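# A closer look at the structure
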Amino acid sequence: MSLTAGIVGLPNVGKSTLFNAITNQKILAENYPFATIEPNVGVVTVKDERMDKLNAMYNPTRLIPTAYEFTDIAGLVKGASKGEGLGNKFLSHIREVDAIVEVIRCFDDGKIIHVEGNIDPIRDIETINLELAISDLDIINNRLEKVKKKARTTKNKNDVLEVETLEKCKKILEENHPLRQLELNEEEQKIIKSYSFLTRKPIIYLANIKENELGKEDNEYVTKVKEYAQKENAKVISLCAKLEEELSELEQEEKEEMLEGLGLDGSGLDKLIQATYDILGLATYFTVGQDEVRAWTFKKGMNAKECAGIIHTDFEKGFIKAEVISYEDLINCGSELKVKEQGKARLEGKDYQMKDGDICHFRFNV
């Protein structure tokens, strides 16, 4: 299940430095399940301590953690929605991502010139968000004219519902609110899904601060960003992009020593990945064995049959049952055999709702 976050931001806010940190992550290429990665896509593994314990228990030939893609969206400047910078190219790239990471500069440094001349994180956020909203409005206006004519002619209920839904979207955008704040029923959500509206995507505001401010009380810029984000129920993560770039060049042991020396319990990038998982409603299940221990990402609410399809479409088509044990039971019992002896292994049907930490073996027949 390939998932992508798009990194956006104005010039000189730390976006490129953060992306360098992501692309410098030491990923075992032979274990990554996608053959080709574009130059503007960085892949990071999702840190999960459960994988370490499963690795020690099974000592598999291959250990494959779940991975996440970050796409560096270039060319965003004021006027992007009207073609400034890379304009429409930028906007088409960001429409393909699952979530948006908006990098905001929250530090003063006279050596790094800000494109607007001074540091004002709220102005920067509103500049970016306005471009996204204008782009969504343009799409709505262009579509509304066509579908209104069609609805008047055909009286088709789906066309009428599309008109009503798009008018709802237009109204909230014109009131200066993102579409993610608009409550829509299931039918309305299906109607707008194909539009990939930018302001409908979940967003994380990434406050880029100085290294000496990490682990301390928020500076005035970060405080303002959090107050802004709270109004739209968005997440804020603070990190130092420069430090993340330095950490990405270290071996794991050196990285842990550096973080400990700074009094930090983890890297900012790990916290960003976890926050992205949270806003997208993602979870992890595992497949285990001596050949391979592997983590798989799924959306909360998916059933066993759908999760089997993440591995291969044949698993979903020919699904019979899922043999399931929980990670906690496996660790507490010490082995799969002891889990079964204690009656804690389960056979689940296609409608079983998968849980984070489930360890599965799928039975199927094609």
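Up top you'll find the structure we're talking about.
The sections below set out a description of the structure shown in this document. (Residues numbered from 1 in each chain as written. Predicted model: local features only at pLDDT ≥ 70, side-chain atom pairs only at ≥ 80, totals over all residues. Heavy atoms only, no water.)

### Quick notes on the sheet that holds strand E4 (residues 67–72)
Pairing is mixed across the open sheet formed by six strands, whose spatial order is E2-E4-E1-E5-E6-E7. The sheet terminates laterally at strand E2 (41–45) and strand E7 (235–239), the two strands that pair on one side only. Sheet twist, expressed as the mean angle between neighbouring strand axes with direction ignored, is 25°. Note: E2 against E4, five bridges, orientation antiparallel. Looking at the pairing, Val43 lines up with Glu69 of E4. The sheet contacts of helix H1 (residues 15–23) involve strand E1 (4–8), E2, E4, strand E5 (99–105), strand E6 (203–208) and E7, and relative to E2 the element is tilted by about 55°. (Pairing = 2+ DSSP bridges. Helix = DSSP H or I, 4+ residues; strand = E, 2+ residues; numbered from the N terminus. Axes fitted to C-alpha atoms, helices over the stretch in contact; angles between N-to-C directions. Contact = heavy atoms within 4.5 Å.)

### Some remarks on the side chain of Ser248
Considering the arrangement of structural elements, one finds Ser248 in helix H8 (residues 241–248). Owing to a relative accessible area of 4%, Ser248 belongs among the buried residues under this scheme. Separated by 2.6 Å, the side chain of Ser248 and the backbone oxygen of Glu245 make a polar contact. (Buried < 20%, exposed > 50% of the residue type's maximum accessible area, 1.4 Å probe, protein only. Polar contact = N/O pair within 3.5 Å; in protein donor to acceptor, adjacent residues only side chain to side chain.)

### Describing the nonpolar core
With 58 residues, the main nonpolar core has Leu18, Tyr68, Phe70, Ile94, Cys106, Tyr205 and Leu206 as its most contacted residues. A per-element tally of this core places helix H10 (residues 268–280) first, with six residues. Excluding its chain neighbours within four sequence positions, the residues that come into contact with Cys106 are Pro121, Ala207, Asn208, Ile209, Glu213, Asn219, Tyr221, Val222 and Val225. Ranked by size, the runner-up nonpolar core spans 19 residues in total, among them Ile140, Leu144, Val147 and Tyr195. (Core = buried A, V, L, I, M, F, W, Y, C linked by side-chain atoms within 4.5 Å.)

### What to know about the pairing of E4
Burial runs high along E4: six of the six residues are buried. Two elements, E1 and E4, share four bridges in a ladder whose sense is parallel. The residue of E4 that forms the bridge with Gly6 is Thr71.

### Overview of H8
Among the residues making up H8, those that are buried are Ala241, Leu243, Glu244, Leu247 and Ser248. For H8, the buried positions fall inside an angular range of 155° around the axis, keeping them on one side. Along its buried surface, H8 packs onto H1, E6, E7, helix H9 (252–261) and H10. (Arc of directions from axis to C-beta.)

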